[in-house]
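Letter by letter, the chains look like this.
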Amino acid sequence: MFESAVEEIAKYGTIVIHRHKAPDGDAIGAQTGLKLILAAAFPEKKVYAVGDVNPRFSFLEGAEPDEIPDEAYENALSVVLDTSQKSMISDGRWASAPRSLRLDHHLYSERIANVELTDPSFESCSGLIAAFALETGWKIPKAAAKALYVGMVTDTGRFRYDCTSPRTLRLAAALIEKGQFDLTSLYSDLYLQDYDLMVLRAKYTLKIAFTAHRVAYIYTTKEEIEELGTDIPTVSRGMVGTMADIRDSDIWVNFTEAPDGVYAELRSAKYNVNGIAAKYGGGGHPKASGATLKDREEAMALLNDLDLLAAGTASDCR
């Protein structure tokens, strides 16, 4: 499966790894893991990872993004991870490289790179990268194994979601063996919360509203983010989970205003919401998708579509 990716990587002395904006654990885990794996396999190559920051994952060795000049792309391979739309790629310079490669696990939305390796059967992009390294025979450094494991843990909800397969658990076991990291310490880094974050979650619980057919939603303005003293990733990805376990609410969506639009994080325990995300230029997985919307008006239009889906009066747009 990965032969074409290996061929592309072998051709270039510089490799720049990208992933989606407002990164979650999987985006950072996959990017960090691949960077460390390639640096170990090809010490003669220059391997960079670029993009915006999510401080939640600063405990991962090698997760700090590189700052590189435009000239670095002149004879480079751009590698795009964990992204199904061009508009979601962090750092648009990826397109200036003479050649590009995508490794992704989302449902196919649009062609991005010259070489595309997408497989939605993987629960996470980190799982895909782990399989890539193991199949290719590349060494997985300890820090890379830990980063990839974090990506798998966060994208499976600690292995609770229905995307978790026997292969997922086999890959996780292999990463634990190679990384030799302490699981108690890792889970503390991931899930122990500062009191301020607990207060923020409580505030967001009180912000939850419902449509006529029990679609739970939260809308956060730019002004509210400033007033709360927090950041967009913490709100967008971090607060969508506050609506995850509400009885009789099978769909939930978190809207967050950002400089480039309104980020929408769509989730469901029952319905395929990917088609609705795709209708608005987004994508992802059947039960977990995202989109960047133009404004609040478009956000409310998407919310109405989700309400119709919950009511059983609209298709899921598959």
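Note that the coordinates shown come from a computational prediction; the quantities given were computed from them, not determined experimentally.

Moving on to the overall build of the protein chain. Secondary structure summary: the protein chain contains 11 helices and 11 strands in total. Taken over the C-alpha trace, the protein chain has a radius of gyration of 19 Å; the compact-globule value for 318 residues is 20 Å, and the two agree within 12%. The buried share of the protein chain, reckoned over its 318 residues, is 53%. Considering only contacts in the protein chain between residues 6 or more positions apart, those separated by 24 or more positions represent 64%. As displayed, the protein chain has an accessible area near 14,100 Å², and 50% of this comes from carbon and sulfur atoms.

Formed by 49 residues in total, the largest nonpolar core has its most connected members in I9, L34, L38, V79, L81, L103 and I129. Setting aside its immediate chain neighbours within four residues, I9 contacts I15, L38, F42, K45, L77, L101, F132 and W138. If you look at the next biggest cluster of nonpolar residues, it comprises 20 residues, including Y219, A264, Y271 and L303.

Turning our eyes to something else, we now look at the sheet that holds strand β8 (residues 251-258). Strand order in this open sheet of 6 strands is β6-β7-β8-β9-β11-β10, and the pairing throughout is mixed. A single partner strand is all that each edge strand has here, and the edge strands are β6 (209-210) and β10 (283-284). With 6 bridges connecting them, strand β7 (residues 215-220) and β8 associate as parallel partners. From the neighbouring strand, A216 faces β8, where its bridge partner is W252. Against the sheet, helix α7 (residues 195-207) contacts β6 and β7, and its axis sits at roughly 120 degrees relative to β7. This element, helix α11 (residues 296-311), spans β7, β8, β9 (261-268) and β11 (288-293) of the sheet and lies at about 175 degrees to β8.

Tallied over the full model, the rule gives 7 aromatic pairs. Look at Y149 and F181: their rings are 5.2 Å apart centre to centre, the planes differ by 50 degrees, and that puts the pair in the tilted class. Taken together, the residues Y149 in helix α4 (residues 142-155) and F181 in the loop between α5 (166-179) and α6 (183-191) connect sequence positions 32 residues apart. By the burial criterion, Y149 is buried, and F181 matches it. Look at Y219 and F255: their rings are 6.0 Å apart centre to centre, the planes differ by 40 degrees, and that puts the pair in the tilted class. With Y219 in strand β7 and F255 in strand β8, this pair connects stretches of sequence that are 36 residues apart. Comparing Y219 with F255, the two get one shared label, buried. Members of the aromatic cluster, joined through ring pairs, are F2, F42, F132 and W138. Taking NZ or CZ as reference, R167 lies 3.6 Å from the ring centre of F122, over its face.

It is worth spelling out the side chain of E123 at this point. Along the chain, E123 turns up in the loop between β5 (115-118) and α3 (125-136). Buried charge without a salt bridge: E123, with R167 as the nearest opposite-charge side chain at an N-O distance of 5.5 Å. A polar atom in the side chain of E123 sits 2.4 Å from the side chain of S124. Setting aside its immediate chain neighbours within four residues, E123 contacts H105, M152, D155, T156, C163 and T168.

In terms of burial, strand β3 (residues 76-81) is largely enclosed, as 6 of its 6 residues are buried. With burial as the criterion, each face of β3 is covered, one bearing A76, S78 and V80 and the other bearing L77, V79 and L81. Relative to β3, strand β1 (residues 14-18) runs parallel, the two being bridged by 5 bridges. Directly across from V16, in β3, lies its bridge partner S78. In this sheet, strand β4 (residues 99-104) lies alongside β3 in parallel orientation, the contact comprising 5 bridges. In the strand pairing of β4, L77 is matched with R99.

Turning our eyes to something else, we now look at the environment of P69. Position of P69 relative to the elements: it lies in the loop between β2 (46-49) and β3. Residue P69 is classed as partly exposed on the basis of its relative accessible area of 48%. The spatial distance from the C-alpha of P69 to the C-alpha of A131 is 32 Å, given a sequence separation of 62 residues.

Okay, the sheet that holds β2 next. Here we have 5 strands laid out as an open sheet, ordered β2-β1-β3-β4-β5, and parallel in their pairing. Looking at which strands have only one partner, the edges of the open sheet turn out to be β2 and β5. Taken over all neighbouring pairs, the strand axes of this sheet differ in orientation by 15 degrees on average, direction set aside. Examined bridge by bridge, β1 and β2 share 4 bridges and lie parallel to one another. For T14, the partnering residue across the bridge sits in β2 and is K46. Sheet strands in contact with helix α2 (residues 25-41) are β1, β2, β3 and β4, and its direction is about 165 degrees off that of β1.

Here the idea is simple: oppositely charged side chains can pair when their charged atoms come close. Across all of its chains, the model carries 15 salt bridges by this definition. Ionic pairing is found between R99 and E8, a salt bridge with its closest N-O pair at 3.1 Å. Pair noted here: R99 is in strand β4 and E8 is in helix α1 (residues 3-11), with a separation of 91 residues, a long-range link. On the basis of relative accessibility, which here comes to 4%, the residue E8 falls in the buried class. D52 is paired through a salt bridge with R19; the nearest N and O atoms lie 2.7 Å apart. One end of the pair, D52, is in the loop between β2 and β3; the other, R19, is in the loop between β1 and α2, with 33 residues separating them in the sequence. A residue is classified by how much of its surface remains accessible, and D52, at 27% relative accessible area, is partly exposed.

Each value, and the rule that gives it
Residues numbered from 1 in each chain as written. Predicted model: local features only at pLDDT ≥ 70, side-chain atom pairs only at ≥ 80, totals over all residues. Heavy atoms only, no water. Helix = DSSP H or I, 4+ residues; strand = E, 2+ residues; numbered from the N terminus. Rg over C-alpha atoms; globule rule 2.2 N^0.38 Å. Buried < 20%, exposed > 50% of the residue type's maximum accessible area, 1.4 Å probe, protein only. Contact = heavy atoms within 4.5 Å. Areas by Shrake-Rupley, 256 points an atom, 1.4 Å probe, with all protein chains shown as cover. Core = buried A, V, L, I, M, F, W, Y, C linked by side-chain atoms within 4.5 Å. Pairing = 2+ DSSP bridges. Axes fitted to C-alpha atoms, helices over the stretch in contact; angles between N-to-C directions. Phe/Tyr/Trp six-rings, centres within 6.5 Å; stacked < 30°, edge-to-face > 60°. Lys NZ or Arg CZ within 6 Å of the ring centre and 35° of its normal. Lys, Arg positive; Asp, Glu negative; His and termini not counted. Salt bridge = Lys/Arg side-chain N within 4 Å of Asp/Glu carboxyl O. Polar contact = N/O pair within 3.5 Å; in protein donor to acceptor, adjacent residues only side chain to side chain.

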